[in-house]
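# A closer look at the structure
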Amino acid sequence: MSVCILGAGGWGTALSAMLGLHGRGSVLWARRPDLAGELLRERENRAYLPGVRMPDTVQVTSDLERATAGHDWALLTVPSVGIPELLSALPRTLGVVLCAKGLAPDGDRLSVLATRMGFARVAVLSGPNHAEEIGLGLPAATVVASTEDAGTDAALGESVQAALMTPTLRVYTSSDLVGVELGGVLKNVIALAAGLIDGLELGDNAKAAIITRGLLEMGRYLASQGAEEGTVYGLSGLGDLVATAGSRHSRNRAAGEAIARGQEAGQGGKVVEGVRTAGLLSAWAEAHGQDLPIVRAVARVVAGEWTPQQSVAALMGRQAREE
């Protein structure tokens, strides 16, 4: 079985390399022809995933039609800002598996955007999956969610599970597409907050508190969107939050740390999903009267309205309440 992977960043490269380690084929689409050529020559993505070799079972192309030919579905591993353009170029008969952990330009879920654009088969893939480790074949687990609601197809999730399940990647299925998708979105913002704590050198107690209260905000938001109650404690919620808030591989945590130290949030041009997501979620919380204080504090910091120190003072100075 050959897997179609659209997006030759770190995550797409890692998935193709992981499959290749276990003798499975894949087609990896790179938007830029020069990057596709480099990957074919070097068999390594030095810009986005250095140190991980791409096995010969990985085909690389910059021709989108060629990449998707003969495939029933594809993994979309480009950042959220690139999803609308990519979707517009794909045949609507193709099943799409959204791997970006961000929101559409209007703040809606990417799966909603895909359905609105005419895709009948939509799924999301999420979990504690750092590309740097997946590509090396280190053990990990992930979850793919699809549902028959809103024009999606539960069988797509099962197909993805069968294709990606290997001795080093355990794949679970879920029917809670809303919860799985939004868990991956919110954890990036909380990871930014954890990074701010690291950058300010405020210690383990503060970081533990921000992660714990951040998980509460994640659950509160997921519930407001109709997600299942237990999903926030699964791989796409708590699992992904633990990995992203604490890992040296985490772009969002590192971005928070950089901001706290007066540096740029981006890392070598790589997309930091939480920076954009924080503003979208904060605007939603304000419009709907929802209590998401960590999200709103992070949004103000990345917008330049508050210093990191002011955000900490605002959170610590909130009215006393019962846990």
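Please refer to the structure higher up on the page.
This write-up is about the structure you can find in this document. (Residues numbered from 1 in each chain as written. Predicted model: local features only at pLDDT ≥ 70, side-chain atom pairs only at ≥ 80, totals over all residues. Heavy atoms only, no water.)

Along the backbone of the protein chain there are 14 helices and 10 strands. The C-alpha atoms of the protein chain give 19 Å as radius of gyration, which agrees with the globular expectation for 323 residues (20 Å, within 12%). Judged by the C-alpha coordinates and their principal axes, the protein chain covers about 60 × 40 × 35 Å. Scored against the burial criterion, the 323 residues of the protein chain give a buried share of 53%. Summarising the internal contacts of the protein chain: among those between residues at least 6 apart in sequence, 66% fall at separations of at least 24. In the structure as shown, the protein chain presents an accessible area of about 13900 Å², 50% of it carried by carbon and sulfur atoms. Taking the average place of the 28 positive charges on the side chains of the protein chain and the average place of its 34 negative ones, the gap between the two points comes to 4 Å. (Helix = DSSP H or I, 4+ residues; strand = E, 2+ residues; numbered from the N terminus. Rg over C-alpha atoms; globule rule 2.2 N^0.38 Å. Buried < 20%, exposed > 50% of the residue type's maximum accessible area, 1.4 Å probe, protein only. Contact = heavy atoms within 4.5 Å. Areas by Shrake-Rupley, 256 points an atom, 1.4 Å probe, with all protein chains shown as cover. Lys, Arg positive; Asp, Glu negative; His and termini not counted. Charge placed at Lys NZ, Arg CZ, Asp CG, Glu CD.)

As a further point, take the packing of aromatic side chains. Scanning the entire structure with this criterion turns up one aromatic pair. Judged by centre distance (4.7 Å) and plane angle (85°), the ring pair of Tyr221 and Trp284 falls under edge-to-face. Placement of the pair is Tyr221 in helix α9 (residues 203-224) and Trp284 in helix α12 (residues 273-288), with a sequence separation of 63 residues. We classify Trp284 as buried; its relative accessible area is 19%. (Phe/Tyr/Trp six-rings, centres within 6.5 Å; stacked < 30°, edge-to-face > 60°.)

So, on to the sheet that holds strand β6 (residues 73-76). What links the strands of a sheet is backbone hydrogen bonding, and the strands pair in either a parallel or an antiparallel sense. In spatial order, the strands read β5-β2-β1-β6-β7-β8-β9-β10; together these eight strands make up an open sheet with mixed pairing. What marks the edges here is a single partner per strand, and that holds for β5 (58-61) and β10 (169-174). Here the strands of the sheet are splayed against their neighbours by 25° on average, with no regard to which way each runs. Relative to strand β9 (residues 140-145), helix α10 (residues 235-246) is tilted by about 145°, and along the sheet it contacts β8 (122-126), β9 and β10. (Pairing = 2+ DSSP bridges. Axes fitted to C-alpha atoms, helices over the stretch in contact; angles between N-to-C directions.)

Let us now look at the pairing of strand β2 (residues 26-29). The side-chain alternation of β2 yields two buried faces, one formed by Ser26 and Leu28 and the other by Val27 and Trp29. Both strand β1 (residues 3-6) and β2 contribute to a ladder of four bridges, which runs parallel. Residue pairing for β2: Val3 is matched across the bridge by Ser26. Running through helix α1 (residues 10-21), the crossover from β1 to the neighbouring parallel element β2 is right-handed. Pairing of β2 with β5 involves four bridges; the strand directions are parallel. Of the residues in β5, the one forming a bridge with Val27 is Gln59. (Right-handed = clockwise from strand over helix to strand, strands pointing away.)

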